[in-house]
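# Per-entry structural report
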Amino acid sequence: MHGRLKVKTTAEQKAEKEKERQKKLQLFETGTQKIFEKRKLKEYDDEGLSISGQILQANPDFYTCWNIRREILSMLKDQRTEEEFQQLSQEELYLLENCLRKNPKSYGVWNQREWILLFMPHPDWERELQLCNRFLDLDERNFHCWDYRRFVCKHSNVGPDEELKFTLKKVEANFSNYSAWHYRSSLLPIVHPSSDRNSVAEEILLKEYDLVQNAVFTDPSDQSAWFYHRWLLGRGEKPLKLNLLLVSRRIKRITVQFTGPVQKPFIQNHIQMTVNDEVVEVLWKAPSHLKFSSPVWHCELSEELLKGQSELSVTVNLTDNDGHPVDTLCCYLNTGTTEAQCTTKIQWCDLFRTELSSVTTSVLEQELESCKQLNELEVDNKWVLLSCVLLMRALDSQRFESQTLEFIDHLQKIDSTRKNYYSDLRSRFIMENTVERLSEGDTEIVVVNQDLTTLYHLDHLVSMKVVDLSKNKISSLVPACQLLCIEQLYLDDNCIADCCGLEDLPCLTTLKLRNNCIKIFASLKPLEYCPNLQQLYLSGNPVCQENKFREEIKGILPCLGFLDY
């Protein structure tokens, strides 16, 4: 037995590790107690730095300890010469590097590093940039380091054009570097801006398509490049404008619709309205359930403005921050006219997508052809299929409508965990296509048996009188609160469980909700705020089997003229 190495048993190893852990824990607790005592006594000295440094090397995420070090360093700065404090700051940077080796993704360490660099007399930003390079070589998706790199570039002479070159280098080294793609998307609009808001110069954008195409053909299943590809397709942001102005004597209301949602402070500060050439101050309201941000807003038309007026002229100006009009809509009600509206002349293809130049259209056609070729090789690749869908939508939503829906149906089959997402996406595209096909003056829209799961773009139907959404899979009516002029709403054969969203529809006279999922009377309570509701169809709902059903409905809607149950 002599000369042979004794092998420790598992129990012995475990006991020894526990003993070592307890020893470290005791030292950690002793040091923590000591540093808190010194803080309480306001003893900010080198000993406090030493003790806190040992604690933080053991646990870099002890955020309070970093705060204590800031307090100590702040006091020592006034007590040391500039040269001495510069040396002390360098030691702090070395400590931080040791802590980062232990935990490269510690919020406290990266925050402390930013603080000391702004606090020290002579920071070396070039060295910090090299440090970022080393850490990103070790872990190219360390978002803490990417964020720190942006901080360093902001305080040094590194411009966004140099950083854009850096992202290209990182992307070409590894197409799967999502952080580099993301950083690139934030730099391109700065380095190569176009006249559109938050957009990129067209010639640069076309080169980006080549770059991303190389990436997706290299690894079609990698999501990083596909996400960047989606960003390229949705690059443009349309300016906010007025889309519709509706004036109604019947309900004493003026309604405006914007091309995008706005908040109440915005509309109060940037909308100027005149009635018969007189500026009027009004209180704008959004439809129920959209109180904070909405594309549709309305105000009451006072009796004083209506009284004795044979003609009514309403002008709404959208103003900039200086009060200058940037968009205007005017609406005229002649004698005896109860309602009139004015809409912006927007091409159907510009409602939901950005108008493309001939060059961009040609490039996107080539992109679509490439994606379809890739789809032939990767039949069940969801990223390829989804990109084909987005490209077809960007090019011509009407021409590719049936093919788009086919691709989405296939996506639902191969990516079942996101089936609901694709169902909602399909619903959005169907509603967009339907709205695009509307003609000026249309007051009726029919979207029946289309498997709609969610109601999109109902702000574009604010002036509709008749809407038929029967035989779909709609479960929520909350977006319907934007149908401010609706008179007849058909929702038979859906999955509706309550009427939230239908309150405060002043023109609603007929509502069909047959064969839905309404189980209790409380689900019908929102209808009591529809003052002109005359006909209600509810047969086929579980609630119809309740005792005293008719009496309960009459209690909620005493003026109801016809009830089908």
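Everything below is about the structure shown above.
Notes on the structure in this doc start here. Keep in mind that what you see is a predicted model, and the values were worked out from it rather than measured.

Cut-offs applied
Residues numbered from 1 in each chain as written. Predicted model: local features only at pLDDT ≥ 70, side-chain atom pairs only at ≥ 80, totals over all residues. Heavy atoms only, no water. Pairing = 2+ DSSP bridges. Helix = DSSP H or I, 4+ residues; strand = E, 2+ residues; numbered from the N terminus. Axes fitted to C-alpha atoms, helices over the stretch in contact; angles between N-to-C directions. Buried < 20%, exposed > 50% of the residue type's maximum accessible area, 1.4 Å probe, protein only. Lys, Arg positive; Asp, Glu negative; His and termini not counted. Salt bridge = Lys/Arg side-chain N within 4 Å of Asp/Glu carboxyl O. Contact = heavy atoms within 4.5 Å. Phe/Tyr/Trp six-rings, centres within 6.5 Å; stacked < 30°, edge-to-face > 60°. Lys NZ or Arg CZ within 6 Å of the ring centre and 35° of its normal. Parallel < 35°, antiparallel > 145°, perpendicular 65-115°, else oblique. Left-handed = near helix turned anticlockwise from the far one by under 90°. Nonpolar A, V, L, I, M, F, W, Y, C, P; charged D, E, K, R; others polar.

What follows covers the sheet that holds strand β11 (residues 488–490). The six strands are arranged β9-β10-β11-β12-β13-β14 in an open sheet whose pairing can be described as parallel. Only two strands of the sheet have a single neighbouring strand rather than two, namely β9 (444–446) and β14 (562–564). Pairwise comparison of adjacent strand axes, ignoring direction, gives a mean angle of 0 degrees for this sheet. When β9 meets strand β10 (residues 466–468), the two strands line up parallel, connected through three bridges. The partner of Glu 444 across the bridge, within β10, is Val 466.

This part covers the side chain of Lys 512. If you trace the backbone, Lys 512 turns up in strand β12 (residues 510–512). Although Lys 512 is buried, it forms no salt bridge, and the closest oppositely charged side chain is Asp 492 at an N-O distance of 5.5 Å. Here Lys 512 is in contact with Leu 489, Tyr 490, Leu 491, Asp 492 and Tyr 537, once residues within four sequence places are set aside.

This brings us to the environment of Leu 536. You can see Leu 536 is positioned in strand β13 (residues 535–537). The class of Leu 536 is buried, set by a relative accessible area of 0%. Here the alpha-carbon distance between Leu 536 and Thr 510, two residues 26 residues apart in the chain, equals 6.1 Å. What Leu 536 contacts, discounting residues up to four positions off in sequence, is Leu 511, Leu 527, Leu 557, Leu 560, Phe 562, Leu 563 and Asp 564.

Relative to the assigned elements, Gln 223 resides in helix α11 (residues 223–233). Its relative accessible area of 38% is what places Gln 223 among the partly exposed residues. It is 40 Å that separates the C-alpha atoms of Gln 223 and Asp 320, two residues lying 97 residues apart in sequence.

The subject of this paragraph is the pairing of strand β6 (residues 312–319). The buried fraction of β6 amounts to eight of the eight residues, a majority that puts the element mostly inside the structure. Two strands pair when backbone bridges link them, and strand β3 (residues 271–275) and β6 are joined in this way by five bridges, in the antiparallel orientation. The residue of β6 that forms the bridge with Ile 271 is Leu 318. In the sheet, β6 pairs with strand β7 (residues 325–333) via eight bridges, with the strands oriented antiparallel. Each bridged residue has a counterpart across the sheet, and for Val 314 the counterpart in β7 is Cys 331. The turn linking β6 back onto β7 is made up of five residues, and Gly 323 within it adopts a positive phi angle of 85 degrees.

Following the criterion strictly, the structure yields 19 aromatic pairs and no others. Centroid distance Phe 28 to Phe 62: 6.1 Å. Interplanar angle 35 degrees. Geometry classified as tilted. Here the residue Phe 28 occupies a position in helix α1 (residues 10–40), and Phe 62 occupies one in the loop between α2 (46–58) and α3 (63–79), the gap between them amounting to 34 residues. Site record: aromatic cluster; members linked through ring pairs are Trp 110, Trp 125, Phe 135, Tyr 148 and Phe 151. It is Arg 149 that lies over the ring of Phe 166; its NZ or CZ is 3.5 Å from the centre.

Let's shift gears to the packing of helix α7 (residues 143–154) against helix α8 (residues 160–173). Interaxial distance between α7 and α8 falls to 12 Å at its minimum, and their mutual angle equals 155 degrees. Relative to α8, the element α7 lies roughly antiparallel. As for how α7 packs across α8, the hand of that crossing is right-handed. The residues of α8 that touch α7, namely those facing Trp 146, Arg 149 and Cys 153, are Glu 163, Phe 166 and Lys 170. When its residues are assigned to classes, the contact of α7 with α8 shows three nonpolar, no polar and three charged.

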